[in-house]
Structures are given as C-alpha cells and as structure tokens.
Amino acid sequence: MNHPPPLILLVYNRPDLTKLLLQRLSQVKPKQLFVIADGPKDHIDAIKCEEVRKSILEIKWPCELVTNFADSNYGCKQRVITGLDWAFEQVDEAIILEDDCIPHPSFFPFCAEMLQTYRDDRRVMMISGTNIKEKWAEDNFSYFFSSYGSVWGWATWKRAWKLYDRNFQLWQSPEVKNRVKDLINNEPLFQDRLNRLDETYAGRIDTWDHQWVLTCMVNAGLCVIPTVNLIANLGFRDDATHTLYSNNPCADLPTFEMKFPLVEPPTFLCDRKYDQMYMFEISGRSQKRPQRGFRRRYVSMLEKLISVLENSRISQYS
C-alpha cells in the first residue's frame, strides 16, 4: 500500500493507558492521526483528561495530528458516534483504536492490506484485530470471515459507517429480531443478545457498539478476523465504562505476529463454529479459558507479600 491508512484514537481519562498506547504507536509512526477525546465529568476528571491530552500533543514522531477534544462530557455512546462521524467526513477509511487496546505491530500492515483488498467489496463491513480464541486455523490461511466483529482494535470504511443505525431504529422491527434470532441459532445466546440490545435501546446501557454489530448483522456484513490475535485489551479494571472485571477471560489476551504475505481464505463463508464460540465468550457463558485477571492479581499480591517478608527479615538483621 502506498499510503498507510489514517488512524483514529478514542481517548478519555486514563493517562497510563494512553501513554502505553502511544509508546506502541511510536514504533509504527502513523502518518495521519485523528484523536477524539471526551470531556471531563468533574474537576477530578478534568485533571486526568488534561494529562491525556497533554500526552497526545507531545507526540514526537512526524505526523498530521488532528484533534477533536470535547469541552463537556458526552458519554461513551455520543462521543464515539459524533467523533467517528467527524473523522469519516474527512477520510474514506481508517484504523480505529481505543486507549486500552494495545496492538501488535503487525496489526497495522494487516489492516492496511485488508482495507485495500476489500475497499470496494460491500460484502465486507469491518476488519477486526481481536481473535478471542487467540489462534484459530492459523495453519491454513491468514484470516477468515465472521458475522460478528470485535471493536477492540478494528478498521472500516466510510461506505460502511454510513449504514450505522445510530438511532437504533432497526431494533424496533420484529422482523429484524427474528432474523437476528435465526442468525445466532441458539436460544440462550439469542436471549442474552436480546436483553443487551433491549437495554441499549432503552438507554440503560451507554454504548455505541451494539448498534454497530446490529448494523453489520442486518446488512449481512462480513467481518475479517485474523487467525491470530493482534490486540490486547488492558481496560478490564475499575475505571472502565463497561469492562469492569479483570477476571474476564477476554482480558489482556496474548498477541501474536501476523505472517506476511497474507494467505486468503478459500471462501467468503462465515466460520459458524468461531461465531458461536465468540457469542459464548462475550455472553459470559464460556468458562474454558483461565481467568487471567485473577491470576495476575494473585501473582502481584504474592510478589508484594514476598517483598514485605524479605524487607522484614533484612530489617531484623540490620
């Protein structure tokens, strides 16, 4: 690809994660960077937001930096929607990262090639960097197609974003609900999705991504999934908006290098087995993967305890 795709960053009030992400981005040095930031809720929030914005404005590598910093707090749903609307008024395609999504360096050339390959293929609506199974069919090809795509590190085109159902009008249709039920083809998983979408439609969940996934589903849109995971989501913690629990099996998944040249899958058919596993994971019904967050906290507590005991022992003999 002659020109790397623009990169859109979604940030808010987590300076540690923003700095970590910028450190990773400094390795790939994106040439065009759009940064969307929500505004603070209160004076304490304002300090964190200001630190985040300062980090953005202190970027060292040469790039075209375009910022959209909100003066007040829009909330997760409206800030992302208005921000992406603003960005796609200026570009035709982009890679999108939230502050807690730390990509493997090979995520960027992977997205760049996929954006170019499927630029004019309206069957494909998004490229995801997250593979919740970590590795899946990696010995056969480089990516596959799914009915569902994670927005933990993703890419899309203006042509797809134009279809976004920001007012959730589609969910008012019984026919749409029946089609979603047929697509999921599992009653417990459908009920879980039904509850989440109903809660979002009622405004009790402040999010934008449920609407995007529904938009892709009702338009029979395909999502490109890499056969190896390219994104580690570090945002499962107390200060998150939605991902509050660090023991979630999808928290901080290991990332792997994508090998080039890419090998295309043999068909455009969705991988239904992966789709069902994905739905089980995000519904919280899967317990197969070890709870990394708990393990990390346990190891951290153990290390602190050992340090305290060692210091105590040293002080007794000093």
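Basis of the calculations
Residues numbered from 1 in each chain as written. Predicted model: local features only at pLDDT ≥ 70, side-chain atom pairs only at ≥ 80, totals over all residues. Heavy atoms only, no water. Salt bridge = Lys/Arg side-chain N within 4 Å of Asp/Glu carboxyl O. Helix = DSSP H or I, 4+ residues; strand = E, 2+ residues; numbered from the N terminus. Buried < 20%, exposed > 50% of the residue type's maximum accessible area, 1.4 Å probe, protein only. Pairing = 2+ DSSP bridges. Axes fitted to C-alpha atoms, helices over the stretch in contact; angles between N-to-C directions. Disulfide = S-S within 2.5 Å. Contact = heavy atoms within 4.5 Å.

(A) Spatial organisation of the pattern of salt bridges. Under the criterion given, the structure shown has 12 salt bridges. Of the charged contacts, one joins Arg-14 and Asp-99 as a salt bridge, the two residues approaching to 2.9 Å between their closest N and O atoms. A residue pair is termed long-range when its members are at least 10 positions apart, and Arg-14 in the loop between strand E1 (7-11) and helix H1 (15-28) and Asp-99 in the loop between strand E4 (93-98) and strand E5 (101-103) qualify at 85 residues. Taking relative accessible area as the criterion, Asp-99 reaches 3% and is therefore assigned buried. In this structure, Arg-119 and Glu-93 form a salt bridge, with 2.9 Å as the shortest nitrogen-oxygen distance. Placement of the pair is Arg-119 in the loop between helix H4 (107-117) and strand E6 (124-128) and Glu-93 in strand E4, with a sequence separation of 26 residues. In this structure, a network of salt bridges that share partners links the residues Arg-14, Asp-99 and Asp-100.

(B) Layout of the sheet that holds strand E9 (residues 222-226). Ordered in space as E3-E2-E1-E4-E8-E6-E9-E7, the 8 strands form an open sheet in which the pairing is mixed. Since the sheet does not close on itself, it has two edges, and those belong to strand E3 (64-69) and strand E7 (143-146), each with one partner. Going from strand to strand, the sheet's axes swing by 25 degrees on average, the running direction of each strand aside. Strand direction decides the pairing type here: E6 and strand E8 (residues 154-157), joined by 2 bridges, are antiparallel.

(C) Representation of the state of the cysteines. In total, this model carries 0 disulfides according to the counting rule given. Not part of a disulfide, Cys-223 finds its nearest cysteine sulfur in Cys-216, a span of 7.2 Å.

(D) Spotlight on helix H8 (residues 209-218). For H8, a buried count of 8 out of 10 residues is recorded, marking the element as mostly surrounded by other parts of the structure. Packing partners of the buried residues in H8 comprise helix H3 (76-88), E6, E8, helix H5 (158-161), helix H6 (174-184) and helix H7 (187-201). Positive backbone phi, at 55 degrees, marks Ala-220, one or two positions downstream of H8.

(E) Local environment of the environment of Leu-214. Along the chain, the position of Leu-214 falls in helix H8. For the pair formed by Leu-214 and Trp-171, sequence separation is 43 residues and the distance between their alpha carbons is 8.3 Å. Not counting residues up to four positions away in its chain, the partners in contact with Leu-214 are Phe-168, Leu-170, Trp-171, Val-176, Val-180 and Leu-197.

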